Amino acid sequence: MAESQFHLRIESHPILDFGDREPLTFTFDGQAMTGREGDTIASALHANGIKVLGYHFKTGRPRGYYCAIGNCSSCLMIVDGKANVRTCTELLRAGMVVETQTDRGMPDVL
Ligand code: FES
């Protein structure tokens, strides 16, 4: 499968060796995407140009990759049908179904 046209992945680094990592396919909101072995879900989405990972449950404002260490809850998504998964710390697996978490069912407070 071809990589996304929004490919933002760093391929080389002066100090770190990324090595050869297997490509992994997954879906994001029904769209086929490719990540690499060792990616977190959020890093794979970022490499594919996806910046909005969900929406705040009260305000509806877009939320994205922020702390990247599992502390802020800005990256909560639905993964394989399970809600509130911190995608910045969850490793990507082949065939994962990743969905944007919306404010479905929440009162409109705007
Ligand atoms: S980006 Fe902060 S918990 Fe995931």
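Definitions and cut-offs
Residues numbered from 1 in each chain as written. Predicted model: local features only at pLDDT ≥ 70, side-chain atom pairs only at ≥ 80, totals over all residues. Heavy atoms only, no water. Helix = DSSP H or I, 4+ residues; strand = E, 2+ residues; numbered from the N terminus. Buried < 20%, exposed > 50% of the residue type's maximum accessible area, 1.4 Å probe, protein only. Contact = heavy atoms within 4.5 Å. Pairing = 2+ DSSP bridges. Axes fitted to C-alpha atoms, helices over the stretch in contact; angles between N-to-C directions. Core = buried A, V, L, I, M, F, W, Y, C linked by side-chain atoms within 4.5 Å. pLDDT = per-residue confidence, 0-100.

K.L.:
So, the overall build of the protein chain: which residues are in play, and what are the values?
P.N.:
Within the protein chain, the secondary structure is distributed over one helix and seven strands. Order of helices (α) and strands (β) in the protein chain, N terminus to C terminus: β-β-α-β-β-β-β-β. The buried share of the protein chain, reckoned over its 110 residues, is 31%. Here the analysis covers contacts within the protein chain between residues at least 6 apart in sequence; of these, 46% occur between residues at least 24 apart.

K.L.:
If you had to explain the sheet that holds strand 1 (residues 23-28) to someone new, which residues and values would you point to?
P.N.:
Strand order in this open sheet of five strands is 2-1-7-5-6, and the pairing throughout is mixed. Two strands lie at the open edges of the sheet, namely strand 2 (31-36) and strand 6 (82-86), each paired on one side alone. Along the sheet, successive strands turn relative to each other by an average axial angle of 40 degrees, direction set aside. Sheet topology places strand 5 (residues 76-79) next to strand 6; three bridges connect them, and they run antiparallel. Considered in strand 6, the bridge of V79 is made with K82.

K.L.:
Got a sec to walk through the nonpolar core? Specific residues and values, please.
P.N.:
Formed by 18 residues in total, the largest nonpolar core has its most connected members in F26, F28, L45 and V98. Secondary-structure elements contributing two or more residues to this core are strand 1, helix 1 (41-47) and strand 5. For this core, the element with the most residues is helix 1, which contributes four residues.

K.L.:
Tell me about the confidence of the model for the protein chain, residues and numbers included.
P.N.:
It should be kept in mind that the predicted coordinates are not to be read in detail where pLDDT is low. Per-residue confidence for the protein chain gives a mean pLDDT of 86, with 87% of residues at or over 70. Across the protein chain, strand 1 holds the top mean pLDDT of 96, while strand 3 (residues 54-55) sits lowest at 88. Predicted confidence for residues 105-110 stays below pLDDT 50, and this span has four contacts to residues more than four positions away or in other chains.

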